[in-house]
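Fold and contact review
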There are 2 protein chains.
Amino acid sequence: MLGKKDITIYDIARVLGLSPATVSRGLKDHPAINIKTRKRIMDTAREMGYRSNSFASNLRMQKTNTIGIIVHELKSQFISSVLAGIEKVTTEAGYDLIIGHSSETWRKEASNAHNLFHKRVDGLIASLAFDTRDMDHYDPFVQKNIPIVFFDRVEDFAYGTRVVIDNNKAGYEATAHLAAQGCRRIAHITANLARNVYADRLKGYQQALADFGLSYDAELVIVNDLSEAAAIRAARQIIAMPQPQRPDGVFATNDFFAAVFLQTLKEGDVRVPEDIAIVGFNNDAIARIIQPKLTTINYPGEEMGEQAARSLLEQLAGLSAARTTDTIIIRSELIIRDSSLHRKV
Amino acid sequence: MLGKKDITIYDIARVLGLSPATVSRGLKDHPAINIKTRKRIMDTAREMGYRSNSFASNLRMQKTNTIGIIVHELKSQFISSVLAGIEKVTTEAGYDLIIGHSSETWRKEASNAHNLFHKRVDGLIASLAFDTRDMDHYDPFVQKNIPIVFFDRVEDFAYGTRVVIDNNKAGYEATAHLAAQGCRRIAHITANLARNVYADRLKGYQQALADFGLSYDAELVIVNDLSEAAAIRAARQIIAMPQPQRPDGVFATNDFFAAVFLQTLKEGDVRVPEDIAIVGFNNDAIARIIQPKLTTINYPGEEMGEQAARSLLEQLAGLSAARTTDTIIIRSELIIRDSSLHRKV
DNA sequence: TTCGAAATTGTAACCGATTGCATAAATTTT
DNA sequence: AAAATTTATGCAATCGGTTACAATTTCGAA
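Residues numbered from 1 in each chain as written. Chains lettered and ligands numbered in written order. Predicted model: local features only at pLDDT ≥ 70, side-chain atom pairs only at ≥ 80, totals over all residues. Heavy atoms only, no water.

1. Digging into the overall build of chain A
The test is simple: Secondary structure elements follow DSSP: runs of H or I of four or more residues count as helices, runs of E of two or more count as strands, with numbering from the N terminus. Note on method: radius of gyration uses C-alpha positions; expected globular size equals 2.2 Å times residues raised to 0.38. Note on contacts: a residue pair qualifies if any of its non-hydrogen atoms lie within 4.5 Å across the two residues. Areas reported here follow the Shrake-Rupley algorithm with a probe of radius 1.4 Å; residue values treat only the protein chains shown as occluding. For the purpose of counting charges, residues Lys and Arg are taken to be positive, whereas Asp and Glu are taken to be negative. His and the chain ends are not included. For the purpose of locating charges, the reference atoms are NZ of Lys, CZ of Arg, CG of Asp and CD of Glu.
Along the backbone of chain A there are 14 helices and 12 strands. Taken over the C-alpha trace, chain A has a radius of gyration of 26 Å; the compact-globule value for 345 residues is 20 Å, which it surpasses by more than 25%. Overall, chain A is about 90 × 40 × 35 Å in size when its C-alpha atoms are taken along their principal axes. When contacts within chain A are restricted to residue pairs at least 6 apart in sequence, those whose partners lie at least 24 apart make up 73%. Of the roughly 14800 Å² of accessible surface on chain A, a fraction of 51% belongs to carbon and sulfur atoms. One way to put it: in chain A the 42 positive side-chain charges average out to a point 8 Å from where the 41 negative ones average out.

The structure is reproduced here in structure tokens:
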């Protein structure tokens, strides 16, 4: 049923009248091997169709050349970009990726962490789920000193490196921009405030309100799961509001949500940006397609992925400086488009 | 530096005064082991924090419990959905995924195939790149009888199983719908016709034209890379066309492209659907957000991923029927929204 | 009490690559 | 020419789990 047997270094050794040890060394540029011998080994290996057995190697070396990834969602443009960035860097370095996703649940995140630990990944790159409360599932990694890089959704945790943007600043800029456009009642639609990304954006939002002399109204902070249904619900809720209460600006923490929200407002005869100005978050492709085009925060996922991967590789290479890096902040910036250009009527 | 050493079956054996063989058997419900012994083994394994070493096991078993995936692009909602579907099925079955992506290039696809072969994945799930011409890089899998499931972008290849939708029928329905709406000059914007998905949709398009008594005009078939830039270019080109030549309906093979295209048309004061009706492909979230909402073909990525994974698992389990399955067709259907409701003015 | 089948457990040889240490061969030094 | 290095290669143990086969124990039946 199965094809012919695999070629091993023993086969090569037999053919060349050498020992397996020499073949093993020859295959990997060991300095003690005569250059002519090495060439002979390389050539016959190629001819015989040799492929090294990574299990034997892993077993012996106690190293897997594999990096585990835990993301909270696969079906997201942001996450896809991050993955692409990670893939780019790690593939070059000869590492494989094993990807697990938590579907935003703590339980699945923990189960993925366990699985990856079990598979003995050399390192881990992770972004937390919505409802992750404790970090116990990462303890095995801590104990074995397996490096972890968290990105985007992170947590104060005395282990590992964090790759993030300055969410506080981003939240501030988004809100300040709306205020500068003349908005007086700015709503903020966001998700679970236990997650740093949302908590920090809220802080920035509050700070900007204060700096622009606008009062903070807890009623204007809406927390939901950022789903399509939630966007439609939130929009209808706002359409139903009588004029003095209705916000004239909205800062949403996600472009997809903002797009659906905006669309629903329009269908309810609310004008954007005239009646309500909107700022999103992420700079997904959708922001450029929707009408009016969406002002948003550029959140460079691919670069974040690259940085996270690079940091992990440095730690795996044993660069001590990398080991103690706590946080890496990626540049983000406000991109102004039509959805927020508030010309008061 | 590193944490304490790992627990092995030898450690457990020593503690219990048993042989490693018994422990190995006890750990996996071997029938020859006394049930009380098994319980003792299980309990101490748990207490000691044992985790089995998959390399040792893989080495011995010549099996990796890993499935390789090659996709043409990661940053795509369709692909993300497929991956989510695959993940769902394979994780349940205890398989890991190693993901490689070709960025639509033949070269990287081949290099990924080589890498995954080298890593000895038990099976492969793949979608071809834009410019993949030959399938030589899959030969090693054929020779070793490692199962492959191709999805979406497939090719006539005397090995493996294909999971696809009926692109011909989908192309037909999209075009027929436009024709039924009264469109007389229907353009088709698509990608490399060497890929089955595009070639088949084109056939459906041609067939529908014929059935509706419309003549086929090669000028109206535009082939590009479906990028954002290409969409803008195509839209401007059409805006510039004088009236008799300008199409009154467009069937584009991708929602993202269709959305950008539609948007650009609107900016050029072309009305959609009044002047030009549009049908996309995939039913991405964007189709529901853009204004007017996009008529499209529902292409259930998650289900496709699940089916592909299930088929592969069946083949790995050795079900002979599965081995000979050639093609699995997933249901797809036209979803009619505003972008194509052509009310002639 | 004794014998044989069934039920358990142990022995030891794998799987294939790696590497410290020893050995042998080539080269240089005295 | 003998001794000291340097350079190349081989030996054999190791990584941890698996399994064919052997050995031992158990237990009902004769």
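2. Details of the sheet that holds strand E8 (residues 249–252) of chain B
All names here are of chain B. Cut-off, in case you're wondering: Two strands make a pair as long as DSSP finds a minimum of two bridges between them. Inter-axis angles, ranging from 0 to 180 degrees, are taken between N-to-C directions of lines fitted to C-alpha atoms, where helices are fitted over the stretch in contact.
Pairing is parallel across the open sheet formed by four strands, whose spatial order is E7-E6-E8-E9. The open sheet has two edge strands, strand E7 (221–223) and strand E9 (277–279), and neither has a second partner. Pairs of neighbouring strands in the sheet enclose a mean axial angle of 15°, with direction left out of account. Of the strand pairs in this sheet, E8 and E9 are connected by three bridges, and their pairing is parallel. If you follow Gly249 over to E9, its bridge partner there is Ala277. Where helix H9 (residues 196–211) meets the sheet, its contacts fall on strand E6 (186–190), E7 and E8, and the angle it forms with E6 comes to roughly 175°.

3. Points about the nonpolar core
Note the cut-off: In plain words, nonpolar cores are sets of buried Ala, Val, Leu, Ile, Met, Phe, Trp, Tyr and Cys residues tied together by side-chain atoms within 4.5 Å. Only protein chains enter the accessibility calculation, which uses a 1.4 Å probe; a residue whose area is less than 20% of its type maximum is buried, one above 50% is exposed, and one in between is partly exposed.
Counting 148 residues, the largest nonpolar core has A:Ile125, A:Phe261, A:Ile278, B:Ile125, B:Phe261 and B:Ile278 as the members making the most contacts within it. For B:Ile125, the contacting residues outside a window of four places in its chain are B:Ile67, B:Gly68, B:Ile69, B:Ile70, B:Ile86, B:Val149, B:Phe151, B:Ala308, B:Ala309 and B:Leu312.

4. Notes on the pairing of strand E2 (residues 96–101) of chain A
All names here are of chain A. Defined as follows: Orient the strands so they point away from the viewer; a crossover is then right-handed if the path from the first strand over the helix to the second runs clockwise.
Of all six residues in E2, six are buried, a share of seventy percent or more. Here E2 shows no split at all, with Asp96, Ile98 and Gly100 on one side and Leu97, Ile99 and His101 on the other all buried. Examined bridge by bridge, strand E1 (residues 66–71) and E2 share six bridges and lie parallel to one another. Along E2, the bridge assignment pairs Ile70 with Gly100. Following the backbone out of E1, through helix H5 (residues 77–92) and into the adjacent parallel E2, one traces a crossover that is right-handed.

5. Let's talk about the protein's contact with DNA strand D
Short version of the rule: Throughout this document, a residue counts as near a molecule or strand when at least one of its heavy atoms sits within 4 Å of that molecule or strand. Think of a polar contact as two N or O atoms within 3.5 Å of one another; within protein, one of them needs to be a possible hydrogen donor and the other a possible acceptor, and neighboring residues in sequence only count if both atoms come from side chains.
In the vicinity of DNA strand D there are 27 residues, among which A:Thr22, B:Ile9, B:Arg25, B:Tyr50 and B:Arg60 approach most closely. Near the protein, meaning within 4 Å, the atoms of DNA strand D are sugar or phosphate in a fraction of 60%, with bases accounting for the rest. Take B:Ile9: an N or O atom from its main chain is 2.7 Å from a phosphate oxygen of DNA strand D. Contact between DNA strand D and B:Ala56: a base nitrogen at 3.2 Å from a main-chain N or O atom of the residue. Elements supplying a minimum of two residues to the surface near DNA strand D: helix H2 (20–27) and helix H4 (54–61) of chain A together with helix H1 (9–16), helix H2 (20–27) and helix H4 (54–61) of chain B.

6. Things to note about the pairing of strand E5 (residues 161–165) of chain A
Residues and elements named next belong to chain A. Extensive coverage of E5 is indicated by the burial of five of its five residues. Side chains of E5 alternate between two faces, with Thr161, Val163 and Ile165 and Arg162 and Val164 buried alike. Of the pairings in the sheet, the one linking strand E4 (residues 148–151) to E5 comprises three bridges and is parallel in character. Along E5, the bridge assignment pairs Phe151 with Val163. Pairing between E5 and strand E11 (residues 327–330): four bridges, direction parallel. Each residue of the ladder has a partner; that of Ile165, found in E11, is Ile330.

Nothing here speaks to function; it is all geometry.
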